[in-house]
Amino acid sequence: MNPQREFMNETFHLLAQPITALRATVELGLRNESNAAAGRQILLDCLGLLDRLMQDLAVFRETASLDEEPPLASCDGRALLASSVEEMAPVAQSCGVALHLSAQAAQMQCSGPLLQLAIFVLLDAMIACAPRGGGISIVLSKHEDGVRLELCPGAPPGRRQELC
């Protein structure tokens, strides 16, 4: 099966879950002769399910809008990171967070603009969650099997879907 078809099948399956839950909640609400408080709770449950559905749709829309294979080129990894860190430095400073960059010279095969966007989004999320007076470490190092990028302390679990 091709990857695009698999993605579409998975997307429709994941969208069907909250829609089915929403339908079941509405059907149960219509069957029960309930008071105003119970009816209000059913509507609140429906709003929660609609919020989840909208979030899932936003993630799928963003994923579907990405190019299947972005053009790759040889990029200076250190320069890309330095530029991203420089752009985010004022934001970090205003939040009382220190950015520490340690980058070896490294040529990488990547989509430069896409990598910079990913680093920007990642740093933005990390800065937002970092405590005042905290720091974020960004390390780019060369290894036998390629280049390794490490960001510490990392993004908190609740933000990972947002980053994707």
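It should be noted that the structure appears before, not after, this text.
Conventions we followed
- Residues numbered from 1 in each chain as written.
- Predicted model: local features only at pLDDT ≥ 70, side-chain atom pairs only at ≥ 80, totals over all residues.
- Heavy atoms only, no water.
- Axes fitted to C-alpha atoms, helices over the stretch in contact; angles between N-to-C directions.
- Helix = DSSP H or I, 4+ residues; strand = E, 2+ residues; numbered from the N terminus.
- Parallel < 35°, antiparallel > 145°, perpendicular 65-115°, else oblique.
- Left-handed = near helix turned anticlockwise from the far one by under 90°.
- Contact = heavy atoms within 4.5 Å.
- Nonpolar A, V, L, I, M, F, W, Y, C, P; charged D, E, K, R; others polar.
- Salt bridge = Lys/Arg side-chain N within 4 Å of Asp/Glu carboxyl O.
- Buried < 20%, exposed > 50% of the residue type's maximum accessible area, 1.4 Å probe, protein only.
- Patch = residues over 30% accessible without salt bridge, like charges linked within 9 Å, V, L, I, M, F, W, Y side chains within 5 Å.
- Areas by Shrake-Rupley, 256 points an atom, 1.4 Å probe, with all protein chains shown as cover.
- Pairing = 2+ DSSP bridges.

Asker: Whenever I open this one, the packing of helix H3 (residues 77–94) against helix H4 (residues 112–129) confuses me. Can you help?
Answerer: Two measures define how a pair of helices packs: the angle their axes make with one another and the distance between the axes. Two elements in contact, H3 and H4, have axes whose closest approach is 10 Å; the angle formed by their N-to-C orientations is 30 degrees. As summarised for this structure, H3 and H4 are arranged roughly parallel, according to the angle between their axes. You can see that H3 and H4 cross each other, and the crossing is right-handed. Only Gly 112, Leu 115, Gln 116, Ile 119, Phe 120, Leu 123, Asp 124 and Ile 127 of H4 make contact with H3, whose side of the interface consists of Leu 80, Leu 81, Ser 83, Ser 84, Val 85, Met 88, Val 91 and Ala 92. Looking at side-chain class alone, the contact of H3 with H4 contains 11 nonpolar, 4 polar and 1 charged residues.

Asker: Just checking my understanding: could you explain the pattern of salt bridges for this structure?
Answerer: Pairing between side chains of opposite charge can happen when the charged atoms of each approach one another. As enumerated under the stated definition, the model contains 1 salt bridge in all. Between Arg 23 and Glu 27 there is a salt bridge; the shortest N-O distance is 3.0 Å. One end of the pair, Arg 23, and the other, Glu 27, are both in helix H1 (residues 3–31), 4 residues apart, so they sit about a helical turn from each other. Judged by relative accessible area, Arg 23 falls into the exposed class, the value being 58%. Judged by relative accessible area, Glu 27 falls into the partly exposed class, the value being 31%.

Asker: I tried to follow the environment of Leu 149 on my own but got confused; where do I start?
Answerer: Summarising the element assignment, Leu 149 is placed in strand E5 (residues 146–152). Setting aside anything within four residues of it in sequence, one finds Leu 149 in contact with Leu 81, Ile 119, Ile 138, Val 139 and Leu 140.

Asker: Looking at this model, I keep getting lost on a nonpolar patch on the surface. Mind explaining?
Answerer: Together, Leu 114, Leu 117, Phe 120 and Val 121 make up a nonpolar patch on the protein surface, roughly 320 Å² of accessible area in all. By the secondary structure assignment, Leu 117 is in helix H4.

Asker: Sorry, what's going on with the environment of Gly 29 here?
Answerer: Summarising the element assignment, Gly 29 is placed in helix H1. Overall, the relative accessible area of 17% leaves Gly 29 in the buried class. The spatial distance from the C-alpha of Gly 29 to the C-alpha of Leu 43 is 8.8 Å, given a sequence separation of 14 residues.

Asker: What's the story with the pairing of strand E4 (residues 135–143) in this structure? I'm lost.
Answerer: Walk down a regular strand and you will see the side chains alternate between the two sheet faces. Bridge count for strand E2 (residues 98–103) against E4 is 6 bridges, and the pairing is parallel. Along E4, the bridge assignment pairs His 100 with Ser 137.

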